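Next come the chains, spelled out residue by residue.
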Amino acid sequence: MRHSICNEIFQGRSFADAAKFVRSAGYTGLEIAPFTLAENPSQISPAQRQEYRDILTSEGLSFVGLHWLMVSPKGLHVTTPDAALRDRSWRHIRDLIDLSADLGPNGVMVFGSPAQRSTVDGSTIAEASARFIDGLSSVAPQALERGVTILVEALPVGQANVVNTLAEAASIVRQIASPAIQTMFDTHNAVDEAEPHAALIEKYFDIIRHVHVNEMDGRHPGTGDYDFKPVLRTLTRLGYQGWVSLEAFDFSFGAERIARESIHYLNGELAKQG
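Given the structure is predicted, the values throughout are model-derived calculations rather than measurements.

**Looking at the overall build of the protein chain**
Scanning the protein chain for helices and strands turns up 8 helices and 8 strands. Its C-alpha atoms give the protein chain a radius of gyration of 18 Å, near enough to 19 Å, the size a compact globule of 274 residues would have. Here the analysis covers contacts within the protein chain between residues at least 6 apart in sequence; of these, 79% occur between residues at least 24 apart. Accessible surface computed for the protein chain: about 11,300 Å², of which carbon and sulfur atoms make up 50%. A gap of 4 Å separates the mean positions of the 24 positive and 33 negative side-chain charges of the protein chain.

Here it is, written out as structure tokens:
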């Protein structure tokens, strides 16, 4: 099982220091929130991109991909009826495709962004969903050309009203029918799913390209009562080749403790499989 961690828990530290600690804790991949690198990620220079890439390589880390895609710059929205704003927002996604490819090969882009995809200005869910699909379809060729996979993330109804289940995400993936548009599984964001999480992974395994792990309340694995064993067992049995990436939302434990405790706990759960 390949372990990675999301870098926003290390805010306030240099990228190099964070990468060094991540590798020392036992992770082999780093997933990056673009806003931690720059307010406007499109303005990260080629030299800076190469520097980040070199740091990862020097620490023996793989670049996993990007998430929290639309935190900055502020004001973007991909399903708005405002065509000019929508175009600017999808241009941002195109810029992130290039950033991902520049940071490392075979990166994923986890498309959550609840506030930037939910309905606004009188749009219906159907209208917003159609615009979301159109936008994803428009960027798919660029993503494919640059070796980047965009992942439609299902979000619970408390966060967004566009794409709330893995079934809905899978429907979009199959409608677009591009290898560059796939989906992922997040334990925390599957809170509204009716089926057991392991059953969902089994059902949609062919299009799941990434996994986020966290407790249902957003804390790091091992601090709550979520049973990770069925999910890990199913991924192992099905021969999952992607990353299992820690995304914690509660940073109060401190980055070092979160990182160390999580990988220790997950490896322990994997060991229990025999």
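**Some details on the pairing of strand 4 (residues 108-111)**
In strand 4, alternate side chains face the same way, and those of V108 and V110 on one face and M109 and F111 on the other are all buried. The sheet contact formed by strand 3 (residues 62-66) and strand 4 spans 2 bridges and is parallel. Note that in strand 4 the partner of L66 across the bridge is M109. Read as a crossover between parallel neighbours, the route from strand 4 over helix 4 (residues 125-146) to strand 5 (residues 149-152) is right-handed.

**Re the sheet that holds strand 1 (residues 2-6)**
Strand order in the closed barrel formed by 8 strands is 1-2-3-4-5-6-7-8, and the pairing between neighbours is parallel. If you compare each strand with its neighbour and ignore which way they point, the axes differ by 30 degrees on average. Pairing between strand 2 (residues 29-32) and strand 3: 4 bridges, direction parallel. The residue of strand 3 that forms the bridge with L30 is F63. This element, helix 4, spans strand 4, strand 5 and strand 6 (181-186) of the sheet and lies at about 160 degrees to strand 5.

**Some details on the packing of aromatic side chains**
One pass over the full model with this rule turns up 9 aromatic pairs. Aromatic pair F205 and Y240: ring centres 6.4 Å apart, planes at 65 degrees, arrangement edge-to-face. With F205 in the loop between helix 6 (197-204) and strand 7 (208-213) and Y240 in the loop between helix 7 (229-237) and strand 8 (243-246), this residue pair connects regions lying 35 residues apart in the sequence. For the pair formed by F205 and Y240, the shared burial category is buried. Ring-pair connections join several aromatic residues into one group, and the members of that group are W90, F111 and F132. A cation over a ring is seen here: R2 above W243, with NZ or CZ 4.2 Å from the ring centre.

Conventions we followed
Residues numbered from 1 in each chain as written. Predicted model: local features only at pLDDT ≥ 70, side-chain atom pairs only at ≥ 80, totals over all residues. Heavy atoms only, no water. Helix = DSSP H or I, 4+ residues; strand = E, 2+ residues; numbered from the N terminus. Rg over C-alpha atoms; globule rule 2.2 N^0.38 Å. Contact = heavy atoms within 4.5 Å. Areas by Shrake-Rupley, 256 points an atom, 1.4 Å probe, with all protein chains shown as cover. Lys, Arg positive; Asp, Glu negative; His and termini not counted. Charge placed at Lys NZ, Arg CZ, Asp CG, Glu CD. Buried < 20%, exposed > 50% of the residue type's maximum accessible area, 1.4 Å probe, protein only. Pairing = 2+ DSSP bridges. Right-handed = clockwise from strand over helix to strand, strands pointing away. Axes fitted to C-alpha atoms, helices over the stretch in contact; angles between N-to-C directions. Phe/Tyr/Trp six-rings, centres within 6.5 Å; stacked < 30°, edge-to-face > 60°. Lys NZ or Arg CZ within 6 Å of the ring centre and 35° of its normal.

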